[in-house]
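Fold and contact review
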Amino acid sequence: MSNTSQTLQRSRSGLFSDGFDIGQMLLKGRAFFALIAIIIVFSFLSPYYFSVGNFLTMASHVAIYAILAMGMLLVILNGGIDLSVGSTLGLSGIIAGFLMQGVTLKALGVTLYPSVWVVVVLSCALGAVVGLVNGVLIARFKVPAFVATLGVMYVVRGIALLITNGLTYNNLSGQADLGNTGFNWLGFNRLFNVPIGVLVMIVIAIIGSLMLNRTAFGRWLYASGGNERAAELSGVPTKRVQILVYMASGVCAAIAGLILSSQLTSAGPTAGTSYELTAIAAVVIGGAALTGGRGNIRGTLLGAFVIGFLSDGLVIIGISSYWQTVFTGGVIVLAVLLNAVQYKKRAKPAPKASPQQTGKPA
Amino acid sequence: MDQLPSSYLAPDVVLSARDVVKSYGNTHALKGVNFDIHRGKVTTLFGENGAGKSTLMKILSGVINPTSGTITLDGKPVHFANSTEARDHGISIIHQELSLAPNLSVRDNIFMGREIMTPTGVNFAEEARQAQLLMEELEEEIDPLTPVEELRLGQQQIVEIARALSVDSRILIMDEPTSALSASEVEVLFKVIRDLTARGVSIVYISHHLEEALQITDYAVVLRDGNITATAEARDIDLEWIVRNMVGENFDLGSPPTGYEFGEVALSIRDISVPGALPDTLSVDHLSLDVRAGEIVCIYGLMGAGRTELLECVAGRVQKAGGQVLLEGRDVSRLTIAQRIAEGLALVPEDRQRDGLVQTMSVGENLSLASITNFVRGLFLSTGLERSLIQQSIKDVTVKTSGGEAPIGSLSGGNQQKVVIGKMLATHPRVIMLDEPSRGIDVGAKAEVFKLLAERAKTGLAVIYSTSEVGECLSIAHRIVVMSRGKIAAEFSADATKEEIMAASGEAVVA
């Protein structure tokens, strides 16, 4: 309790509280304990599960969901929801595929082959634009987030289908003589034996944590999600915050789309269908409140790992994919149930604090 | 609604509350109240905001349960688990805040929850017929099929009254029924009340319009700080008696700070208008007011006088219909809330929970929220700077808390209010506006808040606060501005009397 930044973080559903109540500890750290339990159970059930190689493979699957979920977390902290991220993920891959095939400018009679970094930047910019549309609809035109992003979800998916006419781009590796190779790097290469996708996830997690805990924007986000009216009257630019979180979510979706299409070495217009729901589930399992204002990056990452390690584990031990769906659903319902238990307790003044508070003169 | 049995008509007590206590944690809303309702008479409950009137009425109508004490109906002790049970005993309440479903019709609202059923469904025709009869009785030309949201506020109040009448109540509690009514509607209401009492219905009436209430009532009961301070028959008393008992001997809330000269005009409100809830109405009507640096101005007025609208408009929350706001000579009318705060104009809103605090954040995070950009060094917040501000603020505004990291919900109402004030003071304002800063906080915290403001005024801060409690006008304010119907009705210096101020606010004006 000596350091304010530590204790401020603690007050936002930290992983380890400094109380000694086992029940409280299990409740607060539930995502972490669930992950440990999943790893232990599957390690017993399959000899292949517990190995560094398998963990890294699973982590590169998790990275896609985790990146989406971190963008989603920002939106949920603001009290909103973003249903368009799955579609944005798909469109991002399509745009990358489209650019990699070469852009023919008929008027000039040339075909441009943008290099990979240009492709990446343009895809991310596209994600930001989708987010901007969401944000403006919600912040300026007061369209409920659920409806606005639902509409954008369909529109974006439709655009992806229109661009490819429903087909899939299969050649994303580029050609050395055109100078646009390297797209596979994102999905296949490893740095220090860690897949690039996982590293990207870690970088986004660090940036996200710093932003949430150490910048004014982060404080504005927590405040406007916790009580928008109070935040506005305190001088928080609530509309700008709202638009920016949807843009961040769009960029995260675009990045996830690039990594996924690189991993698959193909970009299909239906990629990422229903991923938005997995992302929301990860955020919720991570302890964030759908009403806004509560949640953190660490919890969301854990949530993504719980979902990813559970479904990969079920695949490894050979359980039918129908059962996987049932299990995943059960985990989500349980997570929401525990969230309700946790925040119900929080709503009342902490009984432990009261004697201090009345006894100690300020 | 036939004549009630004759046994009801005896002029005695139909319902009585004995030693009723209601506590919320450490705050006692009612401290052992004895209250009688006389059969076929109007009993009016007088008292300032926060005196406990609404709490007592909610207990009598089963909305909330008392912490201790007994309620006796017709000589038998009763216990209401909820308002439906109280209604089954013939006790109805018309709340201050209307409890109508705006999307439903007048008919559906009147019969909500006790629809007239036939084997094949709701008997809408019979409901409509009865609703029509009620409307005729209340002399209100409203089609029972009109959606409530299309009615004027006064008409909505009539619908609420009709609903209470439709259940054949023996005891009807009216909490501020006239605050939204026009003069002619008040007359109709009074006629209805006289009809009802003639039929043996007992009425409990609550109003801030003292003289109006005195017209209709048979008994007067005065409540102050959770205690009954006086009871009398209406024919024995006058307005002055009510005011004297309502206000009582004041807890010392301080006096205007002296020993310094006011500075230049810090805030100049020029000809400000704010649109009202209904088209073509103004909740603030071409109002002008100057406040100088170091000056403390109190804005007094009844509910609906336009105080909140004025302050929120000046702060930038509410769009104005016209006029200008000058802060130290600079026009800030077109700036956003954030820009006005940066310029030195801060508002402490009326509703702490809704507009003042972020419940999901800690005490410290709430305190630093409005001034958070001051702690940014490079990209990131300086934790050290923020922490020292939080500690300084906790000390300056005397928040009693275990520390900056305590959850905001762990504080008492008064300390929460100090956090909201501290948050805005941390932005180093030139002008601070406080909308009902004493609402829902105990008298000790009230005095501390006022002391704090008086000290800040000495350093050149211009302070404007609004209140609906006359005792608070005559505390630290150098000047008292009385608002009524969106306009300044009168201005007083610090040596005005309570009676003068209350008279000017329209409280003593007969409809």
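Residues numbered from 1 in each chain as written. Chains lettered and ligands numbered in written order. Predicted model: local features only at pLDDT ≥ 70, side-chain atom pairs only at ≥ 80, totals over all residues. Heavy atoms only, no water.

1. Comments concerning a nonpolar patch on the surface
All names here are of chain A. Operational definition: For patch detection, residues must exceed 30% relative accessible area and be free of salt bridges, and they are connected within 9 Å for like charges or within 5 Å for nonpolar side chains (Val, Leu, Ile, Met, Phe, Trp, Tyr). Methods summary: accessible areas were calculated by the Shrake-Rupley approach with a probe of 1.4 Å, and residue burial reflects only the protein chains presented. Any carboxyl oxygen of Asp or Glu that lies within 4 Å of a side-chain nitrogen of Lys or Arg is treated as forming a salt bridge with it. Secondary structure counts use DSSP, requiring at least four H or I residues in a row for a helix and at least two E residues in a row for a strand, with both numbered from the N terminus. Throughout, exposure labels follow a simple rule: accessible area from a 1.4 Å probe, protein chains only, divided by the maximum for the residue type, with under 20% read as buried, over 50% as exposed, and the rest as partly exposed.
Where nonpolar side chains cluster on the molecular surface, the patch consists of I36, I40, V41, F44 and L45 and spans about 520 Å² of accessible area. Tracing the backbone through its elements, the reader meets I40 in helix α3 (residues 30-45). Using a relative accessible area of 45% as the deciding quantity, one classes I40 as partly exposed.

2. Quick notes on the confidence of the model for chain A
Put simply, the rule is: Each residue carries a pLDDT value, the predictor's own confidence for that position, ranging from 0 to 100. Whether two residues touch is decided by their heavy atoms; if any such pair falls within 4.5 Å, the residues are in contact.
Confidence in the prediction of chain A, expressed as mean pLDDT, is 83, and 88% of residues score 70 or more. Segment residues 346-362 of chain A is flagged for pLDDT under 50; beyond a separation of four residues in sequence, or across chains, it makes 17 contacts in the model.

3. Considerations on helix α4 (residues 124-137) of chain B
Residues and elements named next belong to chain B. The cut-off we apply is this: An expected span of 1.5 Å times one less than the residue number is assigned to each helix. The arc refers to the directions leading from the helix axis to the C-beta atoms.
Over its 14 residues, α4 runs 20 Å from end to end, which matches the ideal 20 Å to within 8%, given 1.5 Å per residue. For α4, every residue scored as buried is listed here: E127, A131, L134 and M135. Buried residues of α4 fall within an arc of 100 degrees about the axis and therefore sit on the same side. At its buried positions, α4 is contacted by α3 (106-110), β8 (121-122) and α5 (153-166). In the segment just after α4, E139 is the residue with positive phi, at about 50 degrees.

4. Looking at the interface of chain A and chain B
The following threshold applies: Buried area adds together the accessible area that both of two parts lose upon being put together, with accessible area traced by a 1.4 Å probe. Any N or O atom pair separated by 3.5 Å or less is treated as a polar contact, with the protein-specific requirement of one donor-capable and one acceptor-capable atom, and with residues adjacent in sequence counted only for side-chain atom pairs.
The partner chain B presents 41 residues to the 36 residues of chain A that form the contact. Between chain A and chain B, roughly 3,400 Å² of surface is buried when both sides are summed, and carbon and sulfur atoms account for 59% of that area. Between the two partners, chain A and chain B, sit 2 salt bridges. Ionic pairing is found between R229 of chain A and D355 of chain B, a salt bridge with its closest N-O pair at 2.5 Å. Along the contact surface separating chain A from chain B lie 7 residue pairs in polar contact (both at pLDDT 80 or more). Elements supplying a minimum of two residues to the side of chain A that touches chain B: α1 (4-10), α9 (196-214), α10 (216-226), α11 (228-233) and α16 (354-359) of chain A.

5. Some details on the packing of aromatic side chains
Residue and element names in this part refer to chain A. Worth spelling out the cut-off: Stacked, edge-to-face and tilted labels apply to pairs of Phe, Tyr and Trp rings (six-membered ring for Trp) whose centres lie within 6.5 Å, assigned for plane angles under 30 degrees, over 60, and everything in between, in that order.
A full pass over the atoms with the stated rule returns 11 aromatic pairs over all chains. Between F55 and F309, the aromatic rings sit 5.8 Å apart at their centres with planes inclined by 5 degrees, giving stacked as the arrangement. Of this pair, F55 sits in helix α4 (residues 52-77) while F309 sits in helix α14 (residues 297-316); the two residues are 254 residues apart in sequence, bridging distant segments of the chain. Looking at F55, the relative accessible area reads 22%, which means it is partly exposed. Between the aromatic rings of F305 and F309, the centroid separation amounts to 5.3 Å while the plane-to-plane angle is 75 degrees, which identifies the pairing as edge-to-face. Placement of the pair is F305 and F309 together in helix α14, with a separation of 4 residues, close to one helical turn. F305 gets classed as buried once you look at its relative accessible area, which sits at 17%. Judged by its relative accessible area of 6%, F309 falls in the buried class.

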